[in-house]
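These are the residues of each chain, in order.
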Amino acid sequence: MKKILMVLTSHAEMENTDSKTGVWLGEFTDPYYEFIDAGYTVTLSSPKGGRPPVDPMSELTENITGANRRFQDDEAARAAFSHTTPLNQINHADYDAVFYPGGHGPIWDLAKDNNSGILIHNFLDSGKPVAAVCHGPAALISAEQQRPGFLKGKNISAFSNTEETMVGRSGNVPYLLQTKLEELGAEVKTALVPFLSHVETDGLLVTGQNPLSAGPTAKALIELLE
């Protein structure tokens, strides 16, 4: 039975606003149930451990996915979500792959988290895939800091500058993720139309662009594992 580690943000604050952020719920629940339905076991982790913050916008009716509704009725999943394991207690050897959901939180904490950056390299060095979606690819910034040049020439996807502007949060973030990843040498590929699903696979690295890409990114990861 395959074991998946999912790493969630612990960061809730946005800049220049009272609005909160955190995990975008559908970017967690959609992949989570892809893994569960494939017969995998899933372990949840975050930098601080415990219950991660959830972006309130992701719980609005228009953003609710079928997986979100399933999660609301899944006591075991909700308990796991409330008791994530601190990242510094995670051993990559216990898992077959790692998945980073988005929400804006990762551009603050996971982008700088040394444990996460080291973890990404440990997975890749062991021949194990690493996947991330939307703002989850911010975790690759820490991996770049651990090994400068890591991102150079990598084909990845992530939440685009256009999408950031369209959701009205470009003034509430410390940097634009697409721009930052490109500055570090990555080739950021996006869908022709904003908010359509787009997934890139480059070797063992699987990345998705936006909330609609969360399930497809998980499916691409499952394909690699199978």
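For the structure, check the block above.
J.: Can you walk me through the environment of L225 in this structure?
T.: Relative to the helices and strands, L225 is located in helix α8 (residues 214-225). In this structure L225 touches K2, I4, Y40, D96, A97 and P129, once residues within four positions along its chain are discounted.

J.: Looking at this model, I keep getting lost on the side chain of H135. Mind explaining?
T.: Within the element layout of this structure, H135 appears in the loop between β5 (130-133) and α5 (139-146). Overall, the relative accessible area of 1% leaves H135 in the buried class. In this structure the side chain of H135 is engaged in a polar contact, spanning 3.5 Å, whose partner is the side chain of H104. Polar side-chain contacts of H135 include one of 2.8 Å to the side chain of E164. Not counting chain neighbours up to four residues away, the residues in contact with H135 comprise G102, G103, H104, P106, I107, F159, E164 and L177.

J.: Help me understand the packing of aromatic side chains, please; the structure alone is not making it clear to me.
T.: For any pair of aromatic rings, the description rests on two quantities: the centre-to-centre distance and the angle between the ring planes. Scanning the entire structure with this criterion turns up eight aromatic pairs. Plain terms: the ring middles of F28 and F71 are 5.6 Å apart, the flat faces sit at 85° to each other, and that makes the pair edge-to-face. Taken together, the residues F28 in helix α1 (residues 25-37) and F71 in helix α2 (residues 66-72) connect sequence positions 43 residues apart. Per residue, the accessibility class of F28 equals that of F71, and both read buried. Above the plane of the ring of F71 lies R78, whose end atom (NZ or CZ) is 5.7 Å from the centre. When the ring centre of Y175 is taken as reference, the NZ or CZ atom of K180 above it lies at 5.5 Å.

J.: For this particular structure, what's the right way to read the pairing of β5?
T.: Consecutive residues of a regular strand have side chains that alternate between opposite faces of the sheet. Because side chains alternate across β5, one face comprises the buried residues V130 and A132, and the other comprises A131 and V133, equally buried. With three bridges joining them, strand β4 (residues 97-100) and β5 adopt parallel strand pairing. When the bridges of β5 are listed, F99 appears paired with A131. Handedness of the β4-helix α4 (residues 114-125)-β5 crossover: right-handed. Taken together, the four bridges between β5 and strand β9 (residues 205-208) define a ladder with parallel strand orientation. Across the sheet, the residue bridging to A131 is V206, located in β9.

J.: Looking at this structure, I do not really get the sheet that holds strand β1 (residues 3-7). What am I missing?
T.: Backbone-to-backbone hydrogen bonds join strands into a sheet, with any given pair of strands oriented parallel or antiparallel. With respect to topology, seven strands assemble into an open sheet ordered β3-β2-β1-β4-β5-β9-β8, the strand pairing being mixed. With partners counted over all chains shown, the strands left at the sheet margins are β3 (85-86) and β8 (199-202), one partner each. In the sheet, strand β2 (residues 41-46) pairs with β3 via two bridges, with the strands oriented parallel. In the strand pairing of β3, S46 is matched with P86. With respect to the sheet, α4 is in contact with β1, β4 and β5, its orientation differing from that of β4 by roughly 140°.

J.: Mind showing me how you'd approach unusual backbone geometry here?
T.: Glycine aside, a negative phi is what most residues show, and trans is what most peptide bonds show. You will see that C134, though not glycine, has its phi angle at about 65°, which is positive. Mapped onto the fold, C134 is located in the loop between β5 and α5. C134 sits in the buried class, given a relative accessible area of 3%. Positive phi, close to 70°, is recorded for F195, a residue that is not glycine. With respect to the helices, strands and loops of the structure, F195 is situated in the loop between β7 (187-188) and β8.

J.: Mind showing me how you'd approach the environment of S170 here?
T.: Structurally, S170 can be placed in the loop between α6 (161-166) and α7 (177-183). For the pair formed by S170 and I64, sequence separation is 106 residues and the distance between their alpha carbons is 23 Å.

J.: I tried to follow the side chain of E27 on my own but got confused; where do I start?
T.: Within the secondary structure layout, E27 lies in helix α1. Once residues within four sequence positions are removed from consideration, E27 is found in contact with F99, P101, G102, G103, V133, C134, N210, P211 and A214.

J.: Even after reading the chapter, I still don't get the pattern of salt bridges, so can you show me in this structure?
T.: Where charged atoms from two side chains of opposite charge come close, those side chains can pair. Applying the stated rule across the entire model yields five salt bridges. With its nearest N and O atoms 2.8 Å apart, the salt bridge here joins D37 to R70. With D37 in helix α1 and R70 in helix α2, the pair connects residues that are 33 residues apart, well separated along the chain. Exposure remark for R70: the relative accessible area of 37% places this residue in the partly exposed category. Close ionic contact of R147 with D125 constitutes a salt bridge, the shortest N to O distance being 2.5 Å. With R147 in the loop between α5 and β6 (155-156) and D125 in helix α4, this pair connects stretches of sequence that are 22 residues apart.

Calculation notes
- Residues numbered from 1 in each chain as written.
- Predicted model: local features only at pLDDT ≥ 70, side-chain atom pairs only at ≥ 80, totals over all residues.
- Heavy atoms only, no water.
- Helix = DSSP H or I, 4+ residues; strand = E, 2+ residues; numbered from the N terminus.
- Contact = heavy atoms within 4.5 Å.
- Buried < 20%, exposed > 50% of the residue type's maximum accessible area, 1.4 Å probe, protein only.
- Polar contact = N/O pair within 3.5 Å; in protein donor to acceptor, adjacent residues only side chain to side chain.
- Phe/Tyr/Trp six-rings, centres within 6.5 Å; stacked < 30°, edge-to-face > 60°.
- Lys NZ or Arg CZ within 6 Å of the ring centre and 35° of its normal.
- Pairing = 2+ DSSP bridges.
- Right-handed = clockwise from strand over helix to strand, strands pointing away.
- Axes fitted to C-alpha atoms, helices over the stretch in contact; angles between N-to-C directions.
- Salt bridge = Lys/Arg side-chain N within 4 Å of Asp/Glu carboxyl O.

Don't take any of this as a statement about function, it's just geometry.
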